[in-house]
Amino acid sequence: MSIIPNSIDVAEYRAIPGQNTPEYDLVFTGKMDYRPNVDAVLWFSKEIWPKILRARPGTTWAIVGQRPHRRLRPLSELEGVTITGRVKHIQPYIAQAAVCIMPFRAGGGTRFKIIEAMAAGKAIVSTRIGAEGFDATTGGELIIADEADDFAFATLNLLNNPEKRRELGEQALATARAYDWQSVTPLFDEVYEQLTAGAESHPTGSA
């Protein structure tokens, strides 16, 4: 059996379109009518965001994605929070964030948003569920935190430590290159060659 990972064009997240996008300290991206995304930002807003604001007043957070669910409307009234709705390009929002957050408590599969953040060379704080499907280590490519206090601490530590953000971002970008389509596409050729060779070694036909 061959396993081929999801892939993106990493270069697309290094050559950023749009120069007038507002800068936010924290960014979460995704379709905002998707239940795991809704749950993630609601949990973050209730359990983590107040801790961050108490420790670091003036921090900003953008929730970027199309079709915000009606349950998210009250979040737009919170201090420092912006719900953008649909945007033309998400790359500028990711690129100009200090930290990308993945506070997931539900869902499954490999998440493109974490590959996108890595491709942009961003520091990331994620729950274990948010990082499922990746061979990533806490303190290396990203920070893993499952409890609200730990997530708040890790996020604040990165916001207050530009050098640590840079180190994480560099390692994240190195990891993202394994998910670049230019690296993944040759794997399809290998699988095809294996299938072709197997078919040729076991010919079928009438006697």
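See above for the structure.
Since this is a predicted model, take the numbers as computed values, not measurements. (Residues numbered from 1 in each chain as written. Predicted model: local features only at pLDDT ≥ 70, side-chain atom pairs only at ≥ 80, totals over all residues. Heavy atoms only, no water.)

**Student:** Just give me the short version of the environment of Ala148, but keep the residues and values in it.
**Tutor:** Structurally, the position occupied by Ala148 is in helix H4 (residues 148-159). Judged by its relative accessible area of 14%, Ala148 falls in the buried class. Along the sequence, Ala148 and Ile48 sit 100 residues apart, while their C-alpha atoms lie 5.6 Å from each other. Leaving out residues up to four positions away in the same chain, Ala148 has contacts with Trp43, Glu47, Ile48 and Lys51. (Helix = DSSP H or I, 4+ residues; strand = E, 2+ residues; numbered from the N terminus. Buried < 20%, exposed > 50% of the residue type's maximum accessible area, 1.4 Å probe, protein only. Contact = heavy atoms within 4.5 Å.)

**Student:** Go over the environment of Glu141, please, and point to the residues and values.
**Tutor:** For Glu141, the position within the fold is in the loop between strand S5 (123-126) and strand S6 (143-144). Note on Glu141: relative accessible area 9%, which makes it buried. Residues Glu141 and Ala172, 31 residues apart in the sequence, show an inter-C-alpha distance of 4.5 Å. Reaching out from Glu141, the side chain makes a polar contact with the side chain of Thr175 at a distance of 3.2 Å. (Polar contact = N/O pair within 3.5 Å; in protein donor to acceptor, adjacent residues only side chain to side chain.)

**Student:** Could you give an account of the nonpolar core, naming the residues involved and the relevant values?
**Tutor:** The tendency in soluble globular proteins is for nonpolar side chains to be buried as a group. Leu26, Phe44 and Trp61 are the most contacted members of the largest nonpolar core, which totals 50 residues. It is helix H1 (residues 35-55) that contributes the most residues to this core, 10 residues altogether. Core analysis: the next-biggest nonpolar cluster, separate from the first, contains seven residues, Ala62, Val64, Tyr93 and Ala97 among them. (Core = buried A, V, L, I, M, F, W, Y, C linked by side-chain atoms within 4.5 Å.)

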